[in-house]
Amino acid sequence: MKRSKRLLLMLLVSGISCLGQNTIGLPEIINYSKHIYGGGTQNWDVQQDANGIMYFANNEGVLSFDGTHWRIYPLPNKTIVRSIAIGPDGRIYAGGQDEIGYFAPDSAGTLTYTSIKHLIPARERSIADIWDIIPWGNDVFFRSITKILQLSNQHIIVYPAVSEWAYMGMHEGQLVAQDMSHGLLRFSQGTWQPMMRQEDQPPGLYISALIPMGKDSSLLATLKDGVYLLTANKLLPFHSPDLDRVARETIYGGIALERNRFALATSLGGCHIFNRRGELVQSFSRKEGLQNNNITSIFRDRANNLWLGLDNGIDFVAYDNAIKHIHPENGNDGSGYAALLHNERLYLGTTNGLYTVPLTPMEDLSFVKGQFAAVPNTKGQVWGLSGINGQVLMGHHDGAYQVLPGGAIPVHARPGAGYWTYLPVSKVLPSAQVLAGTYHGLELMEYHNGRFLAGKAVPGLDEPARFVTFDNNNIAWASHPYRGVYRIDMSVQPAQIKLYTQQDGLPSFMNNHVYQVRNQVVIATEKGVYQYQPQTDRFEPARDFQPVFGQLSIRYLKEDTEGNIWFIHEKQLGVADYTGTSPQIVYLPDLNGKMVSGFEHLYTVNARNIFMGGETGFYHINYEQYRRTKTKLQALINSVNATGPTTRQVFGGYFGKTVTPDIPWKWNSLHVEYASTLYGQQANISYSYQLKGFDAGWSEWSRKTEKDYTNLPPGTYTFEVKARNNLGNESAVASYVFRVMPPWYQSWWAYAVYLLALCCLAVALYKRQQKKFARQQQRHEEEQRRLQYLHQLELEKSEKEIMQLRNEKLVSEIDHKNKELASSAMHLVQKGELISRIKDELTRLKKMPSHSDEGDELKKLLRILHEEDKVDQGWEQFAFHFDRVHSDFLVALKQTYPALTANEIKLCAYLRMNLSTKEIAQLMNISVRGVEISRYRLRKKLQITTDTNLFQFLLTIRQADSEPGKK
């Protein structure tokens, strides 16, 4: 009895738990706060136009978002916008507080608001808030609480409420509305007619959404009274435990989804997805990543993404995305390192331990509902999970563990004795031995009676063995990122181990990772994929993979069940897709920056279920859905701004009645912004652009969403841009044409002025030239006359100069002759004097008595001949003639240097005559040595240095230097 009660209690708790469970995989949720979109807090309505641009009815106006840029368009009265709708004419109709109208592009492509309130009859213009706008046919209907307005052919018809217009929507292609006293009404032929008897409608219902469910049925959601099925003009209650629970959260709106599902937005519990049976499929609340649980509006865009207008913010839910996020831990997301599906349970290993959840068979396992539970005795870092011999082995930081239904039991546990991975040694299972990669090398574990037992370490390898595999010859291969690649032959004892580095064909001894792909052992390296060649005992580029990967730097390889090869290249996840006629590289930029760098892990169940370890939890990839996703890719040019003295907008992004603008020359620098409305895949979009008439061709693909052109020359240009996703799909080309006008000095009227001015200038120049020629002729004639006169003067002057030169020559010649005559006369005088003295001496000698000492007399005569002082009687005559020849040199010398002796003056005279030392010695009757001494003493008296030439110095003495001591 007690056991039955306990079982009943467990089932009850289990039922309650299941009711609140969510799917294990959740789509990406992007939060846009008011600080991002630049508007008010509340967002009351959401719509999407034909170009894919999203619009939001915000407290501060109409918000637009193209995937990259947010813009806000306030109403003229700055009131809250409660509702918006895209009309059949492409206009964006908006309803605010006491205001209705529409936004449409002007000639510059900028959205401008046009109010239509003046079309309302004057007595009905007090309209309060507009809560719903429904385009129907060619007309547009606006609902406020007190009246419904019909815009038709620029006229507005007013339908006052009997009590209160509570709702307006569409059912089976018909326009319906709810009056609180008359119930549901259908609009037909200008009147509102009851859809059913009033007694068939529960009283007090406040309809919040009509959701199409097939061709003839709709789900009618109420604010607080649950959900009903509206079919064949009958209203039937629609109950389920999940729906009834959500009904208590106040339903604000609802929409239909694909696969016969629908979503309800609540004010207390967020957004909930249901199937046709009313079973909860998925929930999105603050717990799952919403900014808050109060949802005021909900919308499904063309790519099946959900947009949630919140009481404070906007949230985007990539609902139909092929990539989902899995959080095995609530509120404590550790990094994901290992995943394994075993016995209908999913095991996920994280930095915090091992977690598991039971799985029900389903194509996409991310939609499995369940709650992860921690596996006992696994707390700590989980590095690897392997299914061997029908058992689960866990590689843990603290050792090796076998995972059983009740928890993990240690195989070889010791703190810090970590295990990475496990491989069965035998290809026939169960394998009696298991090769384990540990922190300290390799270990052979034993398997016996369903239990794994600790084994012995493989000797000779003491490096961490994180990457290990077997080849077809049962040779083990291990790699160390900073050592190289090891070949371990365990068929002999002890095992033969050889290390391979760049000397053995590898591009480097670093960053080599060994994997088994397509039944081959390959090495992922910094320069592509390499393979061992046993014939040469070397590594070479793998021929099978070289055409696919080339020399890409690869550090991770994983083959899935379809033969596709997943890889990591420079922190990018990619897949070599072999499903087509030829391999194609596909990158998944959605996951860039989300993997655990250096510890990447992929677990492939099948094409619909691929698990990837992330920095926070895990990611589920439905690659089959990802590959076939063909959402329309569209590129938009959303603004063109011209920069000059100021910045002004040339194009606002809307091609309504846009005309080709003429941009003035001084605004010839342009800033172009573009985007793509593939909201859930913004990370996958790249762009290429060109400016026809300026660029040589299309640019390289890049993530940039703007381009600047500066100082464009005059001309007509076409800016074109296209978008491409990571699958290689390209959008149509978006283009915008504009003209840059020439500067005023290059306009046609400027050229006309230039031509007229040129003609006038030519005439003026011609007349000026004529006058110039006349003046030049006159000046030429006067110049000729002047030149003739000057020529005559020059002739006369030349004749006079010739005569003067001749006279000067004659005078010079006469002076020269006089000088020569004076010199000769001086010498003759000296010689005459000497001869006379000799004659006198000889006469006197003759008269002397014979007994006189003739020898003495002859000696005396010789002394007379050698003594220079004996001829001083003719010095005055010599000085007179010398000064005549040398411009009174001796006079000037005596005046300048009065302290000179007679012999020093004579020495100066001989030096002035430029006589040699020998000649001076003969004239002065002294030795050559005496002349040198006399020259030295003379220098001292003249106060000149030894480096001054004495002859040159004497030449400088003139009669004008008459002051004593002055040179």
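Computed from a predicted model, the values in this text were never measured in an experiment.

Asker: Which parts of the structure should I look at to understand the sheet that holds strand β64 (residues 715-724)?
Answerer: Strands in a sheet are paired, the pairing made by backbone hydrogen bonds, and the direction either parallel or antiparallel. Spatially, β60-β65-β64-β62 is the arrangement adopted by the four strands of the open sheet, whose pairing is mixed. What marks the edges here is a single partner per strand, and that holds for β60 (662-663) and β62 (686-692). Pairing between β64 and strand β65 (residues 734-740): seven bridges, direction antiparallel. When the bridges of β65 are listed, Tyr 717 appears paired with Phe 738.

Asker: Please explain the environment of Glu 720 as it appears in this structure.
Answerer: Secondary-structure assignment places Glu 720 in strand β64. For Glu 720, a relative accessible area of 11% gives the class buried. Placed 62 residues apart in sequence, Glu 720 and Glu 782 show a C-alpha to C-alpha distance of 74 Å. Here the side chain of Glu 720 touches Lys 692 through a polar contact of 3.4 Å, side chain to side chain.

Asker: Even after reading the chapter, I still don't get the nonpolar core, so can you show me in this structure?
Answerer: Within soluble globular proteins, side chains that are nonpolar generally end up buried alongside one another. Counting residues in each nonpolar core, the largest one holds 46 residues, and the members touching the most others are Phe 549, Leu 557 and Leu 573. Beyond its immediate chain neighbours, meaning those up to four positions away, Phe 549 contacts Val 529, Ile 554, Leu 557, Ile 565, Phe 567, Ala 576 and Ile 585. Ranked by size, the runner-up nonpolar core spans 27 residues in total, among them Trp 667, Leu 670, Val 672 and Leu 712.

Asker: It is not clear to me how the packing of helix α9 (residues 889-896) against helix α10 (residues 902-912) should be interpreted in this structure. Could you clarify?
Answerer: In a packed pair of helices, the relevant descriptors are the angle between the two axes and the axis-to-axis distance. Where α9 meets α10, the axes come as close as 11 Å, and the angle between the chain directions of the two elements is 135°. Classified by the interaxial angle, the pair formed by α9 and α10 is oblique. Between α9 and α10 lies a crossing of right-handed hand. Residues Phe 889, Leu 890, Leu 893 and Lys 894 of α9 touch α10, and the partners they reach there are Ile 905, Cys 908, Ala 909 and Arg 912. Of the residues in the contact of α9 with α10, the class split is six nonpolar, no polar and two charged.

Asker: I'm lost on the sheet that holds strand β46 (residues 496-500) in this one. Help?
Answerer: If you trace the four strands from one edge of the open sheet to the other, you get β43-β44-β45-β46, paired in antiparallel fashion. A strand with exactly one partner marks an edge of an open sheet, and here the two such strands are β43 (467-470) and β46. Geometrically, the sheet is characterised by an average inter-axis angle of 20° between neighbouring strands, direction not taken into account. Sheet analysis places strand β45 (residues 484-489) next to β46, joined by five bridges and oriented antiparallel. Residue pairing in the sheet places Ile 488 in a bridge with Ile 497 of β46.

Asker: Could you clarify how one ought to interpret a positive patch on the surface in this entry?
Answerer: Together, Lys 767, Arg 768, Lys 771, Lys 772, Arg 775 and Arg 779 line one region of the surface with positive charge. Among the structural elements, Arg 768 can be located in helix α6 (residues 748-847).

What counts, and where the lines are drawn
Residues numbered from 1 in each chain as written. Predicted model: local features only at pLDDT ≥ 70, side-chain atom pairs only at ≥ 80, totals over all residues. Heavy atoms only, no water. Pairing = 2+ DSSP bridges. Helix = DSSP H or I, 4+ residues; strand = E, 2+ residues; numbered from the N terminus. Buried < 20%, exposed > 50% of the residue type's maximum accessible area, 1.4 Å probe, protein only. Polar contact = N/O pair within 3.5 Å; in protein donor to acceptor, adjacent residues only side chain to side chain. Core = buried A, V, L, I, M, F, W, Y, C linked by side-chain atoms within 4.5 Å. Contact = heavy atoms within 4.5 Å. Axes fitted to C-alpha atoms, helices over the stretch in contact; angles between N-to-C directions. Parallel < 35°, antiparallel > 145°, perpendicular 65-115°, else oblique. Left-handed = near helix turned anticlockwise from the far one by under 90°. Nonpolar A, V, L, I, M, F, W, Y, C, P; charged D, E, K, R; others polar. Patch = residues over 30% accessible without salt bridge, like charges linked within 9 Å, V, L, I, M, F, W, Y side chains within 5 Å. Areas by Shrake-Rupley, 256 points an atom, 1.4 Å probe, with all protein chains shown as cover. Salt bridge = Lys/Arg side-chain N within 4 Å of Asp/Glu carboxyl O. Lys, Arg positive; Asp, Glu negative; His and termini not counted. Charge placed at Lys NZ, Arg CZ, Asp CG, Glu CD.

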